[in-house]
Every structure is written in structure tokens, then in C-alpha cells.
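Next come the chains, spelled out residue by residue.
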Amino acid sequence: NMAAAYAEIFQSELIKKENVSNYMPGDIMCSSSHVYMVIGECSDGSVVFLHASPPVVSICGTYAPDGTTNSEAVQLAKHYMSTYYPKSYKKFPTCHRNTSYLKDYNQVRLSDEVLSDPDGYKNMTPAQILEDLFI
């Protein structure tokens with residue numbers, strides 16, 4: 001119900017989990033018990049995202065859709081967490097999530113009226129977005 005509520009509140013598109021085909025920066029992904037925000041989709045199909053689980057805001061990466069555990073997203077998440085949030089990374093070093101994060105979440109794609117893109121993130125890779133945010 002969270003995804004439907006977000007879609008209604010933000011007057012944005014709700015995409016049911018079985019119809020999710022890609023991930024854009026700013027997409028909100030919802031399951032019955034968890035929410036995360038997409039930073040971007042990597043070329044191997046893995047996704048870099050922000051969420052607050054464990055009990056700190058963290059950058060994580062999913063495995064690739066084929067099950068590859070050392071995906072591009074996982075590598076980016078580990079790099080940025082260990083470099084910019086070393087205390088959190090030391091306490092919570094798990095920056096990866098399995099493919100259920102790609103299959104079990106409904107998607108809310110926020111409209112341009114709700115989430116503007118003045119920096120052009122929709123046309124950047126996750127690596128470019130993270131570099132712009134942190135460097």
C-alpha cells in the first residue's frame with residue numbers, strides 16, 4: 001500500500017513489481033515493509049540505492065539480475081560507504097542486497113513536476129551521479 005499511497009500523494013506513476021523494467025534516479029521502490037530510493041541502474045542491471053537499513057542511511061547495491069554478487073552497484077556502494085562513511089561502513093559493512101530488491105518491490109516513478117532534474121541525473125550513470133554528489 002505504500003507505493004500506491006506515494007503515487008497518489010505525488011501524483012506519479014505506480015508500476016507494479018511484475019511490470020518494473022528499468023530503474024531511474026529518484027524512483028521510490030516499496031515493499032510491504034521497506035522503502036528505498038534509486039540512485040541509478042548500472043550497465044549490468046544492478047541498482048545503486050539509498051535506504052536506512054541497517055539503522056543508518058546507507059548506499060547499497062543490488063546483485064545483478066543474473067545473480068552476480070560482485071555487481072557494479074555493489075562495488076560502487078562499497079567504495080562510497082568505505083570512503084565517505086567509514087564509521088558506518090565498519091559497523092555495517094554489508095553494502096549489498098540480493099536480487100529480491102529487483103523483483104519484490106513496486107515502483108513509484110515521480111513526475112518531472114514533483115522531482116525536477118536540474119543536474120541532469122536522469123542521463124547519468126550511477127558512478128557519475130555519485131561522483132557529482134561526493135567529489
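These remarks concern the structure in this document. (Residues numbered from 1 in each chain as written. Predicted model: local features only at pLDDT ≥ 70, side-chain atom pairs only at ≥ 80, totals over all residues. Heavy atoms only, no water.)

## Topic: the packing of aromatic side chains
Argument step 1. Evaluation of the coordinates by the stated rule reveals 10 aromatic pairs.
Argument step 2. Considering the side-chain rings of Tyr 36 and Phe 49, the 4.3 Å spacing of their centres and the 40° angle between planes classify their relative orientation as tilted. Taken together, the residues Tyr 36 in strand β3 (residues 35–41) and Phe 49 in strand β4 (residues 47–51) connect sequence positions 13 residues apart.
Argument step 3. Classification of Phe 49 as buried rests on a relative accessible area of 0%.
Argument step 4. One aromatic cluster in this structure is built from Tyr 36, Phe 49, Tyr 101 and Tyr 105. (Phe/Tyr/Trp six-rings, centres within 6.5 Å; stacked < 30°, edge-to-face > 60°. Helix = DSSP H or I, 4+ residues; strand = E, 2+ residues; numbered from the N terminus. Buried < 20%, exposed > 50% of the residue type's maximum accessible area, 1.4 Å probe, protein only.)

## So, the nonpolar core
Argument step 1. The biggest cluster of nonpolar side chains holds 13 residues, and the ones touching the most others in it are Ile 39, Cys 42, Val 48, Ile 59, Leu 76, Tyr 80 and Leu 130.
Argument step 2. Every element with two or more residues in this core is listed here: α2 (72–84) and α5 (126–134).
Argument step 3. Top element by residues in this core is α2. It accounts for 5 residues.
Argument step 4. With sequence-adjacent residues up to four places away left out, Ile 59 is seen in contact with Ile 39, Val 48, Phe 49, Leu 50, Ala 77, Tyr 80, Met 81, Cys 95, Leu 130 and Phe 134.
Argument step 5. If you look at the next biggest cluster of nonpolar residues, it comprises 12 residues, including Val 47, Phe 49, Cys 60 and Leu 102. (Core = buried A, V, L, I, M, F, W, Y, C linked by side-chain atoms within 4.5 Å. Contact = heavy atoms within 4.5 Å.)

## Focus on α5
Argument step 1. Among the residues making up α5, those that are buried are Pro 126, Ile 129 and Leu 130. Along α5, the residues classed as buried sweep out an arc of 95° about the axis, all on the same side.
Argument step 2. In this structure, the buried residues of α5 make contact with β3, β4, β5 (58–62) and α2. (Arc of directions from axis to C-beta.)

## Details of the pairing of strand β7 (residues 106–109)
Argument step 1. Pairing of strand β1 (residues 13–15) with β7, which is carried by 3 bridges, proceeds in the antiparallel orientation. Opposite Leu 14, over in β7, you have Val 108 as the bridge partner.
Argument step 2. As paired elements, strand β2 (residues 28–30) and β7 share 3 bridges and run antiparallel to each other. Note that in β7 the partner of Met 29 across the bridge is Gln 107. (Pairing = 2+ DSSP bridges.)

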